[in-house]
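Here's the letter readout for the chains.
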Amino acid sequence: GAGVSQTPSNKVTEKGKYVELRCDPISGHTALYWYRQSLGQGPEFLIYFQGTGAADDSGLPNDRFFAVRPEGSVSTLKIQRTERGDSAVYLCASSLVSRSSYNEQFFGPGTRLTVL
Amino acid sequence: EDKVVQSPLSLVVHEGDTVTLNCSYEVTNFRSLLWYKQEKKAPTFLFMLTSSGIEKKSGRLSSILDKKELFSILNITATQTGDSAIYLCAVVSNNDMRFGAGTRLTVKP
């Protein structure tokens, strides 16, 4: 079956612009996660959804970052007024059930965001 | 503050060599430790470890957890060029899953 997909695969934008990154989780996975991975670092947690609600958004670095999952499936990560420091690979993962009972997270291929 | 530290940060070996990758951690409310292989963008799951002393094995890869000393190792025997990747360790607690910075393994022919 299809895995986690993310679009676009690459996004180049200018400082100050708004971007949206999309994640399509595996069908039936209720938990969805966003991570950010900078060069030479491991993925850094941003936000976790259980169904439609953001169960934990403690990893979002500031209020320029926001994510939604209105129907409990596709999620969009939104970044306002982008800064050069936002340049990274943004990874999305999904899993069958909630984080409190851990199940394997399946990762998408990521979106490489470059802010010029 | 919770932390996950991997060593070495990078490693270059030749085909056929055996490598050991290390992951140490300090987290509250530890639940499990996971190993991932990241070749291009998407990390792919290798092992999940929850109990000390029980080796998980898959082909040439094996891993073990020591919850007393708070570390795990990932062994790869008879390395192949296809093993070249970043190997990520992640620790799951009640609050989140925290990744280490990874070990970049390069296997030369």
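Residues numbered from 1 in each chain as written. Chains lettered and ligands numbered in written order. Predicted model: local features only at pLDDT ≥ 70, side-chain atom pairs only at ≥ 80, totals over all residues. Heavy atoms only, no water.

Draft legend 1. Quick peek at the side chain of Ser75 of chain A. Residues and elements named next belong to chain A. Looking at the element boundaries, Ser75 is found in strand E8 (residues 75-79). Side-chain polar atoms of Ser75 contact the side chain of Trp34, separated by 2.9 Å. Engagement of the side chain of Ser75 in a polar contact is seen with the backbone oxygen of Val68, the distance being 2.9 Å. In contact with Ser75, other than residues within four places in its own chain, are Leu21, Arg22, Cys23, Leu32, Trp34, Phe49, Val68 and Arg69. (Helix = DSSP H or I, 4+ residues; strand = E, 2+ residues; numbered from the N terminus. Polar contact = N/O pair within 3.5 Å; in protein donor to acceptor, adjacent residues only side chain to side chain. Contact = heavy atoms within 4.5 Å.)

Draft legend 2. The arrangement of the packing of aromatic side chains in detail. In this structure the tally under the stated criterion is 10 aromatic pairs over all chains. Aromatic pair Tyr33 of chain A and Tyr48 of chain A: ring centres 5.1 Å apart, planes at 20°, arrangement stacked. One end of the pair, Tyr33 of chain A, is in strand E4 (residues 31-37); the other, Tyr48 of chain A, is in strand E5 (residues 44-50), and 15 residues separate them in sequence. Using a relative accessible area of 1% as the deciding quantity, one classes Tyr33 of chain A as buried. Ring centres of Tyr36 of chain B and Phe99 of chain B lie 5.8 Å apart, and the angle between their planes is 45°; this geometry places the pair in the tilted category. Here Phe99 of chain B lies in strand E10 (residues 97-99) and Tyr36 of chain B lies in strand E4 (residues 30-38), a separation of 63 residues in the sequence. A single burial state applies to Tyr36 of chain B and to Phe99 of chain B, both of which are buried. Three or more aromatic residues link up through ring pairs in this structure, and these residues are Tyr33, Tyr35, Phe45, Tyr48 and Phe107 of chain A together with Tyr36, Phe45 and Phe99 of chain B. (Phe/Tyr/Trp six-rings, centres within 6.5 Å; stacked < 30°, edge-to-face > 60°. Buried < 20%, exposed > 50% of the residue type's maximum accessible area, 1.4 Å probe, protein only.)

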